[in-house]
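What follows is the residue order along each chain.
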Amino acid sequence: MTVTTADNTARAKGLTALANPTRFLALVRFVIWPLALATALAFAVGLWMSFSVPDDYQQGRTVRIMFVHVPSVWMAMGAYIVMVSGALGVLVWRHPLADVAARSAAPFGAAFTFLGLVTGSLWGEPMWGTWWVWDARLTSFLVLLIIYLGLIALWSAIEEPARSARLAAIVVLVGAINIPIIKFSVDWFTTLHQTASVVRMDGPALAPEFLYPLLVMALAFLLLFVTLHLAAMRNEILRRQIRTLQRKAARSARGGAA
């Protein structure tokens, strides 16, 4: 089947329509409250299931930290993957909302990373006898937090949106090498941290009474990120529109004065 120029033009128009900030704002206005409700419901069910599990025969009650620690770690890396997609959108596809998506994801990624570090320390002290060790998994995860904070500072330091978008996109792509290091550090290096127990070739190693609450909490964290990310993107678009109007007003005022 031959693809005509008209077909390509129609597809391009469709992609442009999806990238239109006005259409995006309308979509966010439509989905934000259902997403917020689904997030609250998922957290209610997940927390109820988490507190209903029996104590672990080795870890006792501290095993419940897992239901916050593991989803926060997953979302810390997931938020960075969103930023990588945004960086590619900036440098390759010139997508109008790519930088907005990447920039809006950074604070939430930093928050999830910080939460993962704190809950990991709280879980590690009774299990390992120490709050912190400089092994590969923990160190690479700390590096992720530093990358997040550095990117937030970079976006804030450069006022010109196009220039900050390009520079941040390059840094995001360079920093992406840390994601597989975090993921496979427990397989590549000697570490106190356990190997993967959920995503495994031979199936999850967790017992169902622990696995199901963990998956529900992971869904709750995912919905929380999606909801907050869309809201932050909406706010960033509106902020940029206000800045554009202010610049136009300032230029008009200077022109009138001249």
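Presented here is an overview of the structure given in this document. (Residues numbered from 1 in each chain as written. Predicted model: local features only at pLDDT ≥ 70, side-chain atom pairs only at ≥ 80, totals over all residues. Heavy atoms only, no water.)

Two elements in contact, helix H5 (residues 136-157) and helix H6 (residues 161-175), have axes separated by 10 Å at closest approach and are oriented at 170°. Judged by the inter-axis angle, H5 sits roughly antiparallel to H6. Side by side, H5 and H6 meet where Ile147, Leu151, Leu154 and Trp155 of the first sit next to Ser164, Ala165, Leu167, Ala168, Val171, Val172 and Gly175 of the second. Of the residues belonging to the contact of H5 with H6, the class tally is 9 nonpolar, 2 polar and no charged. (Axes fitted to C-alpha atoms, helices over the stretch in contact; angles between N-to-C directions. Helix = DSSP H or I, 4+ residues; strand = E, 2+ residues; numbered from the N terminus. Parallel < 35°, antiparallel > 145°, perpendicular 65-115°, else oblique. Contact = heavy atoms within 4.5 Å. Nonpolar A, V, L, I, M, F, W, Y, C, P; charged D, E, K, R; others polar.)

Right, let's talk about the nonpolar core for a bit. Nonpolar side chains in soluble globular proteins generally cluster together in the buried interior. Among the nonpolar cores identified, the biggest contains 61 residues, and Met66, Tyr80, Met83, Leu144, Tyr148 and Leu151 are the most heavily contacted of them. Those elements that provide at least two residues to this core are helix H2 (21-52), helix H3 (66-93), helix H4 (98-128), H5, H6, helix H7 (178-188) and helix H8 (208-257). If sequence neighbours within four positions are ignored, Tyr80 has contacts with Leu144, Ile147, Tyr148, Leu151, Val171, Val172, Gly175, Ala176 and Ile179. (Core = buried A, V, L, I, M, F, W, Y, C linked by side-chain atoms within 4.5 Å. Buried < 20%, exposed > 50% of the residue type's maximum accessible area, 1.4 Å probe, protein only.)

Attention now goes to the environment of Val28. Checked against the element boundaries, Val28 lands in helix H2. Accessibility expressed as a relative area gives 1% for Val28, which makes it buried. Separated by 202 residues in the primary sequence, Val28 and Leu230 place their C-alpha atoms 6.5 Å from one another. Ignoring anything within four residues of it in the chain, the contact list for Val28 reads Leu230 and Arg234.

Let's shift gears to a positive patch on the surface. Residues Arg243, Arg247, Lys248, Arg251 and Arg254 make up a contiguous surface patch of positive charge. Position of Arg243 among the secondary structure elements: in helix H8. (Patch = residues over 30% accessible without salt bridge, like charges linked within 9 Å, V, L, I, M, F, W, Y side chains within 5 Å. Areas by Shrake-Rupley, 256 points an atom, 1.4 Å probe, with all protein chains shown as cover. Salt bridge = Lys/Arg side-chain N within 4 Å of Asp/Glu carboxyl O. Lys, Arg positive; Asp, Glu negative; His and termini not counted. Charge placed at Lys NZ, Arg CZ, Asp CG, Glu CD.)

The next thing to look at is the pattern of salt bridges. The full count for this structure, using the stated rule, is 4 salt bridges. A salt bridge links Asp55 to Arg64, with the nearest nitrogen and oxygen atoms 2.8 Å apart. Notably, a salt bridge pairs Arg240 with Asp99, separated by 2.6 Å at the nearest N-O pair. Taken together, the residues span a long stretch of sequence, with Arg240 in helix H8 and Asp99 in helix H4 at a distance of 141 residues. With a relative accessible area of 6%, Asp99 lands in the buried category.

Attention shifts here to a nonpolar patch on the surface. Together, Leu88, Val92, Trp93 and Leu173 make up an exposed nonpolar region whose accessible area comes to about 390 Å². Per-element tally for the nonpolar patch: the top contributor is H3, with 3 residues. Within the element layout of this structure, Trp93 appears in helix H3. Judged by its relative accessible area of 61%, Trp93 falls in the exposed class.

Moving on: H2. Relative to the 46 Å expected for 32 residues at 1.5 Å per residue, H2 spans 44 Å between its end C-alpha atoms, a close match to the ideal helical length. At Val31, H2 shows its maximal bend, which comes to roughly 35°, and the proline Pro34 appears one to four places after that position. Of the positions making up H2, those classed as buried are Phe24, Leu25, Val28, Ile32, Leu35, Thr39, Ala42, Phe43, Gly46, Met49 and Ser50. Measuring from the side-chain oxygen of the N-cap residue of H2 to the backbone nitrogen of Thr22 gives 2.8 Å; that N-cap residue is Asn20. (Expected span 1.5 Å × (residues − 1). Bend = angle between axes of the 7 residues up to and from the residue. Polar contact = N/O pair within 3.5 Å; in protein donor to acceptor, adjacent residues only side chain to side chain.)

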